[in-house]
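What follows is the residue order along each chain.
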Amino acid sequence: MKSFNVGMIGYKFMGKAHSHAYKDLPMFFPQAAKPVMKLICGRDEAGVKQAAQQFGWEGYVTDWRELVNHPDVDVVDINAPSDAHKEIALAAAKAGKHLFCEKPLALTLADAREMLEAAEAAGVKHMVGFNYRFAPAVQLAKKLVESGRLGTIYHFRAWFLQDWIVDPTFPLVWRLQKEIAGSGSHGDLGAHLIDLAHFLVGDMEEVIGMSETFVKERPLPSSMTGLSAKGSKDAPHGPVTVDDATLFMARFAGGALGSFEATRFAPGHRCTNSFEINGSLGSVKFDFERMNELQVYFTSDDEDVQGFRRVLATDAPHAYMDAWWPAGHTIGYEHTFVHEAVELMNALADERQPVPNFVDGVKCQAVLEAVDQSIAQRRWVKISEV
């Protein structure tokens, strides 16, 4: 069995998700190449030391350059804030390390392209973290589209709704600062919708959008981790420099129409990541809050029983599920990262590019920037323009 030594930069929300995936993979997917949790990196020594012990990493460092250049590291996992992605990825590629980077790939399309070019020039493997592709129900939707069972695709509509910053006194965390995050709901949530659209339906040709920042200033935080933070409403305030909500429409190269909504201002929606696909022969509906289910409709059903049916995507024929539990025993959010890690390890062992990779990250970034350009210029923008 092959194994690959992983060095990971970042140890909070995504760092914990990735660590869990590497730790569980050998137990449930024993035929896959094994990730060896070699080094974890973070700037706060006390915090990263605790994370190394808690998550099961062999060692820790506080300087990412040390990790990138360590002779025992084969793969560099980047889940630090978005503004750090490019510099780390370029250095890791130069050092000959394979790359796994969280989305969005970079702050700008130019940076994303530079990262892809560097990885290709170095001849290293590269993967981008679009984990929602790896839910078995989403994989089933892909199968139904690719097999033609939904016919000609007419519509793709998607929405990713959250509510964690509705309170105007919630602190100004890094995800609300453009210089660190790149964008708000658009790049954080909308990027997942864009990738799902590319995965399930295909490339987009043109887009038109709008956005809004509902709360213009927020109190500065005293501490933050993941999607939580502490602070006082009486603390000094700083400007919110990203969008709170973005909506856009798209035309796909294959002729389908698309609509996309991403917001952090939808009270009652904790993580409503959903899509619906309508084709000439049927439709599917998915909601990540019920991630084990796919709603399926076929026009060929007899008229007296036509309607959406609930398919529980937990049986052995469904992607990845033969490794888990008996049929009907559901899986959760963390399992999408395990499946992602399986794809990464198997690709490295097979000496092929994993999917999705930096090419997909660049395609996503191009749509994000085309929407931004559309909003600024109040017009339809072709993806080929950016």
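Everything discussed here concerns the structure shown above.
Predicted model only: the values in this text are computed from it and were never measured.

Engineer: What exactly am I supposed to notice about the environment of T152 here?
Structural biologist: Positionally, T152 belongs in the loop between α6 (136-146) and β7 (153-161). Placed 51 residues apart in sequence, T152 and C101 show a C-alpha to C-alpha distance of 34 Å. Ignoring sequence-local partners within four residues, the contact set of T152 consists of N278, G279 and S280.

Engineer: It is not clear to me how helix α5 (residues 109-122) should be interpreted in this structure. Could you clarify?
Structural biologist: An α-helix turns once every 3.6 residues. As a result, residues three or four positions apart point the same way. For α5, spanning 14 residues, the distance from its first C-alpha to its last is 20 Å, which sits close to the expected 20 Å at 1.5 Å a residue. Restricting attention to buried positions, one finds in α5 the residues L109, D111, A112, M115, L116 and A119. Down the axis of α5, the sector holding all buried residues measures 165 degrees, keeping them to one side. Opposite the buried face of α5, by more than 90 degrees, sit the exposed residues A110, E117 and A121. Tucked inside the fold, the buried residues of α5 contact α4 (85-94), β5 (98-102), β6 (126-129) and α10 (358-377). One or two steps after α5, the chain reaches G123, where phi turns positive at roughly 70 degrees.

Engineer: How should I be thinking about the packing of aromatic side chains in this particular structure?
Structural biologist: The description of an aromatic ring pair uses the distance of the two centres, along with the angle that the planes make with each other. By the definition in use, this model includes 22 aromatic pairs. Measuring from centroid to centroid gives 6.2 Å for Y22 and W57, while their planes differ by 90 degrees, and the two rings are edge-to-face. Highlighted residues: Y22 in helix α1 (residues 13-28) and W57 in the loop between α2 (45-55) and β3 (59-61), separated in sequence by 35 residues. Under the relative-accessibility criterion, Y22 is labelled buried at 2%. By relative accessible area, which is 6% here, W57 ends up buried. Both rings, one in Y132 and one in F288, keep their centres 4.8 Å apart while their planes meet at 85 degrees; by these two values the pair is edge-to-face. Here Y132 is found in the loop between β6 and α6, whereas its partner F288 is found in the loop between β16 (282-287) and β17 (293-298), with 156 residues between them in sequence.

Engineer: Would you explain the sheet that holds strand β1 (residues 3-9) in this entry?
Structural biologist: Backbone hydrogen bonds hold the strands of a sheet together, and the pairing may be parallel or antiparallel. Here we have six strands laid out as an open sheet, ordered β3-β2-β1-β4-β5-β6, and parallel in their pairing. Among the strands making up the open sheet, the edge pair consists of β3 and β6. Taken over all neighbouring pairs, the strand axes of this sheet differ in orientation by 25 degrees on average, direction set aside. Pairing of β1 with strand β2 (residues 34-41), which is carried by seven bridges, proceeds in the parallel orientation. Among the inter-strand pairings, V6 is bridged to a residue of β2, identified as M37. This element, helix α9 (residues 333-350), spans β1, β2, β4 (75-78), β5 and β6 of the sheet and lies at about 175 degrees to β6. Lying on the sheet, α10 is in contact with β5 and β6; it crosses β6 at an angle near 45 degrees.

Criteria and thresholds
Residues numbered from 1 in each chain as written. Predicted model: local features only at pLDDT ≥ 70, side-chain atom pairs only at ≥ 80, totals over all residues. Heavy atoms only, no water. Helix = DSSP H or I, 4+ residues; strand = E, 2+ residues; numbered from the N terminus. Contact = heavy atoms within 4.5 Å. Expected span 1.5 Å × (residues − 1). Buried < 20%, exposed > 50% of the residue type's maximum accessible area, 1.4 Å probe, protein only. Arc of directions from axis to C-beta. Phe/Tyr/Trp six-rings, centres within 6.5 Å; stacked < 30°, edge-to-face > 60°. Pairing = 2+ DSSP bridges. Axes fitted to C-alpha atoms, helices over the stretch in contact; angles between N-to-C directions.

Functional significance is not addressed by these values, which are geometric in nature.
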